[in-house]
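Here is how the chains run, residue by residue.
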Amino acid sequence: MKGAQLIIEALKAEGVKALFGYPGGTVIDIFDRLKESDIPFYLTRHEQGAVHAADGFARASGKVGVCLATSGPGATNVVTGIATAHMDSIPLVVLTGQVATHLIGNDAFQEVDICGITRSITKHNFMVKDPEDLPRTLKAAFYIARSGRPGPVLVDIPKDIQQAEVMAPYPEQIELRSYRPTLKGNIQQLKKAARLIEKSRKPVIFAGGGVVSSNAQEEIRQLSSIIDAPVTTSLMGLGVFPEQHSHALKMLGMHGTEYANYAVQEADLLIAVGVRFDDRVTGKVDKFAPAAQIIHIDVDPTSIRKNVQVTIPVVGDIKTVLRDLNPLLKPRKNPEWLQQTQNWKQQHPLRYSQSGKVQPQYIIERLADLTRHDAIICTEVGQNQMWTAQFFNFRHSRSFLTSGGLGTMGYGFPAAIGAQVACPDKLVIDIAGDGSIQMNIQELATAVLHNLPIKVIILNNHSLGMVRQWQSIFYDRRFSQICLNRRTTCPPDCDQNPDHCPPAYVPNFVKLAEAYGASGFFIDHNDQVNDVLETAIATPGPVLVEVAIDKEENVYPMVPTGAPIHQMLRGMA
Amino acid sequence: MRHIINLEVENSAGVLARIAGLFSARGFNIESLSVGKMDSDTAHMTLVVRGDDWIIEQVNKQLNKLVDVIHVSDVTETHYVGRELVLVKVYCPPSKRPDISQLVNIFRAKVVDISNRSMTLELTGSEPKINAFLDTLQPFGVQAIARTGAIAMVRDSNGKN
Ligand SMILES: Cc1ncc(C[n+]2csc(CCOP(=O)(O)OP(=O)(O)O)c2C)c(N)n1
């Protein structure tokens with residue numbers, strides 16, 4: 001069998017249900033073989049779209065996402081998507097073509113050292129230099145991507161390897177002597193953890209993206225109910241614990257809820273599960289959870305004691321560990337502590353002002369209601385992302401897809417494409433800013449042509465809102481290059497009065513949607529919100545809804561960088 | 001503190017770049033790195049790393065996490081033999097030969113090349129011994145030094161370093 005055919009066989013053997021990519025000279029043999037296969041292929045309009053779509057597919061389905069790009073520019077175009085997946089521990093296999101082995105190192109046409117470029121942003125990468133290594137390498141790539149702490153694996157395949165005859169069969173199993181993730185938690189550590197939990201009076205569970213990748217949402221819910229502990233999540237953990245639950249504290253950190261931040265600062269025990277204590281969560285790290293002992297459960301030993309000191313580390317797969325831990329715990333009640341967190345919730349709820357303009361937070365709340373919280377919500381990056389995280393009230397694991405670690409603008413829309421492919425019967429919505437959506441707007445063509453009925457809600461503040469917010473709060477309103485409506489006719493010093501702005505925002509999103517063959521809607525009054533959103537959701541095919549919002553609307557509460565997390569700015573609301 | 005870390009790694013393309021990249025990306029301080037082939041698909045490396053306990057713990061874990069790394073052992077706290085090899089060229093007109101030869105004997109070094117202007121010496125030993133040797137030669141005029149990093153092996157007996 002030729003190498004190219006073997007690649008197709010490998011994808012089939014791995015149960016790959018969708019492939020996202022873009023052709024080119026060094027992968028033409030693979031595309032030739034693809035023509036004969038029945039693996040659904042999604043031709044995006046940019047390789048960045050393909051890799052984010054594969055990532056969205058992986059997050060929504062829990063399966064490995066697969067993407068295929070040519071060498072050189074094709075390979076460099078997937079770099080941002082690989083880094084995005086790496087930061088959020090998303091299982092991807094990225095296949096890139098490479099110039100023929102005899103040309104490698106010659107600065108050949110469309111040659112880049114993509115293994116060198118992606119070394120620090122992949123879980124692992126391979127270049128196949130011998131056709132007989134191809135089957136084992138592909139098997140290893142899928143295994144490494146999905147096991148342990150998941151992550152992206154790149155396989156660079158020179159053109160002559162694709163054309164060569166391969167004798168070795170595709171292996172059914174693989175063992176790597178140098179890669180054996182620990183799955184089961186150490187039982188002594190678990191017993192110690194159980195004792196610590198028993199002694200604590202103010203426990204808080206802090207759940208993150210690791211709970212999603214391990215599919216341990218049930219186990220987290222059990223843990224919370226056995227020990228009667230409130231639950232906060234990181235941005236990546238949203239959805240693993242139902243946010244309408246009385247134990248839910250919602251999101252922790254820079255734009256988390258006041259009550260989550262207060263609870264963590266008061267807690268005497270933090271049970272941290274599948275988190276990595278990102279600086280956006282801890283704020284000033286030596287003032288983080290000052291009274292708490294920490295039990296840290298994670299599959300990746302390097303996450304433990306990287307940023308914070310831990311009392312009891314437990315290394316293992318979260319679902320496996322919690323299944324061992326939960327039975328060791330005595331059921332208990334913490335009425336006083338829960339009363340305390342309840343009081344904080346009542347005193348400091350998330351809120352927003354009711355000015356005349358359409359409030360973005362209101363849009364998110366309406367979407368949550370209209371979808372009965374049963375939709376896959378993707379976001380871009382910036383204020384749109386934080387408002388969604390704060391106001392959607394997530395209930396289901398894998399229902400919130402966002403670029404957390406890297407904060408990649410342009411992620412949400414192609415990720416929505418992947419999610420819609422993975423879950424054809426689900427409603428998939430991308431909540432966007434007018435900046436981010438333009439980073440991968442070309443994928444409207446992909447969505448329209450594959451009839452993927454994604455709804456894109458653009459919260460249009462004519463600005464790079466989150467950057468504007470920082471300039472507004474920390475740089476004394478010295479606005480610099482954040483206006484997306486600015487043109488040469490504007491005065492050098494803008495007075496920020498919207499009445500003086502150029503009349504027409506560029507692009508006209510509604511017309512743009514129509515140009516692509518999608519439907520476009522526009523909202524600029526509160527009384528349109530319900531009707532238009534309902535219509536948009538009911539409209540078949542891809543839909544783009546532009547909502548005019550006030551550029552002065554900021555995300556609150558907010559912990560300034562370097563402050564402890566209980567010192568939050570509350571804003572105007 | 002200075003730590004000696006032994007690695008057994010897959011002898012694959014890029015493994016050295018992965019390890020070097022890890023150190024630069026995470027800002028770890030590497031003092032020396034020596035690599036040698038063990039068999040057709042395994043290589044041995046010894047790293048000398050400086051850092052507090054916190055950093056060294058991360059270094060060990062991060063190395064372990066690399067897919068190509070088979071085994072990591074920090075031998076610092078064990079009984080181990082640590083050795084380095086140095087080649088040093090000193091300025092040495094014929095008149096100085098007896099002086100230098102005497103030092104060679106004291107340190108149990110070897111003379112590996114000799115000319116009218118210089119002598120090239122070879123010494124194997126622990127890091128302090130090599131440093132002492134180089135210090136002693138300094139007054140004669142050291143012209144070039146080639147030094148391997150440390151390599152290390154755990155002792156089965158209770159001998160000293
Ligand atoms: C690719 C990329 N470039 C730059 C940034 C820095 N950045 C973070 S938020 C933001 C503004 C986003 O603006 P928009 O998409 O309109 O969203 P808003 O904050 O207005 O909701 C920028 C530029 C980023 N996160 N990603």
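Throughout this description, residue numbers start from 1 for each chain and increase along the sequence as written. By the order in which they are written, chains take letters starting at A while ligands take numbers starting at 1. Two thresholds apply to this predicted model, a pLDDT of at least 70 for residue-level local features and 80 or more for giving and counting side-chain atom pairs, whereas whole-chain, interface and lining totals are computed over all residues. Excluding hydrogens and water, the side-chain figures rest on all heavy atoms present in the structure.

Draft legend 1. Here's a closer look at the overall build of chain B. Each helix is a run of H or I in the DSSP string that is no shorter than four residues. Each strand is a run of E no shorter than two, and both are numbered from the N terminus. When you go through chain B residue by residue, the secondary structure sums to four helices and nine strands. Ordered by position from the N terminus, the helices and strands of chain B form the series β-α-β-β-α-β-β-α-β-β-α-β-β. Seen along its three principal axes, the alpha-carbon backbone of chain B occupies a region of about 55 × 35 × 30 Å. Classification of residues uses two cut-offs on accessible area relative to the type maximum, computed with a 1.4 Å probe and protein chains only: under 20% is buried, over 50% is exposed, and between them is partly exposed. Of all 161 residues assigned to chain B, the portion counted as buried reaches 40%. Considering only contacts within chain B whose residues lie at least 6 apart along the sequence, 73% involve residues at least 24 apart. Contact criterion: two residues are considered in contact whenever any of their non-hydrogen atoms come within 4.5 Å of each other.

Draft legend 2. Spotlight on the site of the ligand. Residue and element names in this part refer to chain A. In this text, near means that some heavy atom of the residue lies within 4 Å of the molecule or strand in question. If you check the shell around the ligand, you find 17 residues, and the closest are Gln 383, Gly 407, Gly 435, Ser 436 and Gly 465. Identification of polar contacts relies on pairs of N or O atoms within 3.5 Å, with a donor-acceptor requirement for protein atoms, meaning one able to donate a hydrogen and the other able to accept it, and with residues adjacent in sequence counted only if both atoms are side-chain atoms. Measuring from an oxygen atom of the ligand, one finds a backbone N or O atom of Asn 384 at 2.9 Å. Measuring from an oxygen atom of the ligand, one finds a backbone N or O atom of Gly 465 at 2.8 Å. Notes on the ligand: free accessible area 590 Å², of which the protein chains cover 75%. At the level of elements, helix 17 (383-391) and helix 20 (465-474) are the ones that each hand at least two residues to the shell around the ligand. Classes in brief: Ala, Val, Leu, Ile, Met, Phe, Trp, Tyr, Cys and Pro nonpolar; Asp, Glu, Lys and Arg charged; the others, Gly included, polar. Across the shell around the ligand, the residue classes break down as six nonpolar, 10 polar and one charged. The Shrake-Rupley method, run with a 1.4 Å probe, gives the accessible areas here. Residue values count only the displayed protein chains as cover.

Draft legend 3. Molecular detail of the confidence of the model for chain B. The pLDDT score gives, residue by residue, the confidence of the prediction method on a 0 to 100 scale. Per-residue confidence for chain B gives a mean pLDDT of 94; residues scoring 70 or more make up 98%. Mean pLDDT across the elements of chain B ranges from a minimum in strand 2 (residues 29-39) of chain B, with 93, to a maximum in strand 7 (residues 118-125) of chain B, with 98.

Draft legend 4. Examining the side chain of Gln 361 of chain A more closely. Residues and elements named next belong to chain A. With respect to the secondary-structure elements, Gln 361 resides in helix 16 (residues 360-370). There is a polar contact of 3.1 Å between the side chain of Gln 361 and the side chain of Glu 553. Filtering out sequence-adjacent residues up to four positions away, Gln 361 remains in contact with Tyr 352, Trp 387, Phe 391, Glu 553 and Asn 554.

Draft legend 5. Looking closely at the pairing of strand 10 (residues 269-273) of chain A. Residues and elements named next belong to chain A. For strand 10, the buried fraction is high: five of the five residues fall into the buried class. Here, a strand pair is defined by DSSP locating no fewer than two bridges between the strands. Here strand 7 (residues 203-207) pairs with strand 10 via five bridges, running parallel. Bridge pairing links Pro 203 to Leu 269 in strand 10. Strand direction decides the pairing type here: strand 10 and strand 11 (residues 293-298), joined by five bridges, are parallel. Within strand 11, the position partnered with Val 273 by the bridge is Ile 297.

Draft legend 6. Representation of the packing of helix 3 (residues 47-61) of chain A against helix 5 (residues 79-87) of chain A within the structure. Residue and element names in this part refer to chain A. For every element, the axis is a line fit to its C-alpha atoms; helices are fit only across the contacting stretch, and the angle between N-to-C directions ranges from 0 to 180 degrees. Closest axis-to-axis distance for the helix 3/helix 5 pair is 7 Å, and the angle between their directions is 25°. Classified by the angle their axes make, helix 3 and helix 5 are roughly parallel. At the point where helix 3 passes helix 5, the crossing takes the right-handed sense. Taken together, the residues of helix 5 that come into contact with helix 3 (itself represented by Gln 48, Val 51, His 52, Asp 55 and Arg 59) are Thr 80, Gly 81, Ile 82, Thr 84 and Ala 85. For the contact of helix 3 with helix 5, the class distribution of residues is three nonpolar, five polar and two charged. Angles below 35 degrees are treated as roughly parallel, those above 145 as roughly antiparallel, those between 65 and 115 as roughly perpendicular, and all remaining angles as oblique. Whether a crossing is left-handed or right-handed is set by the direction in which the near helix is turned from the far one by less than a right angle, anticlockwise for left-handed and clockwise for right-handed.

Draft legend 7. A look at the domain arrangement of chain B. Residues and elements named next belong to chain B. Along its sequence, chain B is carved into domain 1 (2-74) and domain 2 (81-153). A simple way to read buried area is as the amount of 1.4 Å-probe accessible surface that goes missing from two parts once joined, with both sides added. Note on domain 1 versus domain 2: buried area summed over both sides is about 520 Å², and carbon and sulfur give 49% of it. When the area that domain 1 buries against domain 2 is broken down by residue, the three leading residues are Arg 2, Ser 34 and Thr 46, summing to 51%. Here a salt bridge means any side-chain nitrogen of Lys or Arg lying within 4 Å of a carboxyl oxygen belonging to Asp or Glu. Put simply, domain 1 and domain 2 have one salt bridge between them. Note that Glu 127 is salt-bridged to Arg 2, the shortest N-O span being 3.1 Å. Segmentation into domains, and thus their bounds, comes from an automatic or database assignment.

Draft legend 8. Just the domain arrangement of chain A, in detail. Residue and element names in this part refer to chain A. For chain A, the assigned domains are domain 1 (3-163), domain 2 (187-347) and domain 3 (360-462 + 505-548). Computed from C-alpha atoms alone, the centre-to-centre distance between domain 1 and domain 3 is 28 Å. If you look at the interface, domain 1 gives 25 residues, while domain 3 gives 27 residues. Buried surface at the junction of domain 1 and domain 3, both sides included, amounts to about 1900 Å², of which 66% is carbon and sulfur. Area buried by domain 1 at its contact with domain 3 is led by Arg 45, Arg 59 and Ala 60, which between them contribute 28% of it. On inspection of domain 1 and its partner domain 3, the count reaches zero salt bridges. Scanning the region where domain 1 abuts domain 3 turns up nine residue pairs in polar contact (both at pLDDT 80 or more). For the side of domain 1 that touches domain 3, the element with the highest residue contribution is helix 3, accounting for 11 residues. Across the side of domain 1 that touches domain 3, the residue classes break down as 11 nonpolar, 10 polar and four charged.

Draft legend 9. Geometry of the sheet that holds strand 9 (residues 248-251) of chain A. Residues and elements named next belong to chain A. Strand order in this open sheet of six strands is 9-8-7-10-11-12, and the pairing throughout is parallel. Looking along the sheet, the strands with just one partner apiece sit at the ends: strand 9 and strand 12 (312-315). If you compare each strand with its neighbour and ignore which way they point, the axes differ by 15° on average.

Draft legend 10. Quick look at the state of the cysteines. All names here are of chain A. The rule for a disulfide is simple: a pair of cysteine sulfur atoms within 2.5 Å. Across all of its chains, the model carries zero disulfides over all chains by this definition. Looking at Cys 378, it has no disulfide partner, and the nearest cysteine sulfur is the one in Cys 423, 10.0 Å off. On the accessibility criterion, Cys 378 (0% relative accessible area) is buried. We note that Cys 483 lacks a disulfide partner, and the nearest cysteine sulfur, in Cys 501, lies 5.8 Å from it. What makes Cys 483 partly exposed here is its relative accessible area of 33%.

Draft legend 11. Spatial organisation of the interface of chain A and chain B. At the interface, 19 residues of chain A touch 18 residues of chain B. Where chain A packs against chain B, one counts four salt bridges. Here Arg 177 of chain A and Glu 10 of chain B are joined by a salt bridge, their closest N and O atoms 2.8 Å apart. The interface formed by chain A and chain B contains 12 residue pairs in polar contact (both at pLDDT 80 or more). A class-by-class count of the residues in the side of chain A that touches chain B yields five nonpolar, six polar and eight charged.

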